[in-house]
Amino acid sequence: MKWSKLKSLVGEKFSPSLGGRISINSTRYGNCSCGHAWLTLDKAAIANFCTMAFWNRANGNFYRKDNRWVTDSDVPEHVSEKQKISYGEMEYGELSRQDAYQACWEFVHTLKIDEAINSENPLIQSLATLDKRLGKRRLKEIDTSTLHPLAKKLLAIRLESEGLRITVCT
């Protein structure tokens, strides 16, 4: 299935109360499978699923410094955890572009809403918090202690868009 069709199917699952504020996008570079997908809120990226970052991270490279990958062994002691690269609520390279495609496919074609909200995959969880199949009552009942930080942030946005005043623990 083409990405444009999959993106459209994912977007159709989002609650109308979000009013088009959330979007998932993807790009690739030339004929290789490298590229990235990203999630936007009000046209600002809040999560990035970069294939190169994913593979660099898998090989022990955790953050960038001066446009080069630096491993934990290269980190000066004074560098805090916050200075390690993070993209919104999701670490840069936590998922690849292909992981994002797979998550979108499963979200649209395979998973029931209860399976999606309880998924181990942070993107599937996040998409599930935006799903129109979750009504206001069920939104209030979600156990936030099991959610990924990105899913918690999107749940808070969804609750706000629905006019619900519930504190999401971070």
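Preceding block: the structure.
Only a predicted model underlies this, so the values are computations on that prediction, with no experimental measurement involved. (Residues numbered from 1 in each chain as written. Predicted model: local features only at pLDDT ≥ 70, side-chain atom pairs only at ≥ 80, totals over all residues. Heavy atoms only, no water.)

Moving on to helix α1 (residues 3–13). One full turn of an α-helix is made of 3.6 residues, so residues set three or four places apart face in the same direction. Here α1 has its buried residues at Trp3, Leu6, Leu9, Val10 and Lys13. Looking straight down α1, one finds its buried side chains confined to an arc of 125 degrees; they lie on one side. Where the residues of α1 are buried, they touch β1 (22–28), α3 (97–109) and α5 (122–129). (Buried < 20%, exposed > 50% of the residue type's maximum accessible area, 1.4 Å probe, protein only. Helix = DSSP H or I, 4+ residues; strand = E, 2+ residues; numbered from the N terminus. Arc of directions from axis to C-beta. Contact = heavy atoms within 4.5 Å.)

Let's shift gears to the sheet that holds β1. Within the open sheet, the three strands sit side by side as β1-β2-β3. Their pairing is antiparallel. Unpaired on one side and paired on the other, β1 and β3 (44–50) mark the two borders of the sheet. Sheet twist, expressed as the average angle between the axes of neighbouring strands with direction ignored, equals 20 degrees. Bridging between β1 and strand β2 (residues 35–41) involves seven bridges; their strand directions are antiparallel. The residue bridging Ser23 from the neighbouring strand is Thr40, located in β2. Packed on one face of the sheet, helix α7 (residues 149–161) meets β1, β2 and β3 and runs near 150 degrees to β3. (Pairing = 2+ DSSP bridges. Axes fitted to C-alpha atoms, helices over the stretch in contact; angles between N-to-C directions.)

What follows covers the nonpolar core. Judged by nonpolar contacts, the single largest core of 40 residues is most densely connected at Ile22, Leu39, Phe49, Leu123 and Leu154. The dominant element in this core, judged by the number of residues it contributes, is α7, at six residues. (Core = buried A, V, L, I, M, F, W, Y, C linked by side-chain atoms within 4.5 Å.)

Here we take up unusual backbone geometry. Not every positive phi belongs to a glycine, and Asp42 is a case in point at roughly 50 degrees. Positive phi is not limited to glycine here, since Lys43 has a value of about 70 degrees. Assignment of secondary structure puts Lys43 in the loop between β2 and β3. Judged by its relative accessible area of 81%, Lys43 falls in the exposed class.

Contact pair α3 / α5: the axes reach a minimum separation of 9 Å and the direction vectors enclose 45 degrees. By the angle between their directions, the pair α3 and α5 is classed as oblique. Handedness of the α3/α5 crossing: right-handed. Between α3 and α5, the contacting residues are Ala100, Ala103, Cys104, Glu106 and Phe107 on the first element and Leu123, Ile124, Leu127 and Ala128 on the second. (Parallel < 35°, antiparallel > 145°, perpendicular 65-115°, else oblique. Left-handed = near helix turned anticlockwise from the far one by under 90°.)

The interhelical angle for the contact between α1 and α3, taken along N-to-C directions, is 55 degrees, at an axis separation of 10 Å. When the axis of α1 is compared with that of α3, the two are oblique. The handedness of the crossing between α1 and α3 comes out as left-handed. Seen from α1, the contacting residues are Trp3, Leu6, Leu9, Val10 and Lys13; seen from α3, they are Tyr101, Cys104, Trp105, Phe107, Val108 and His109.

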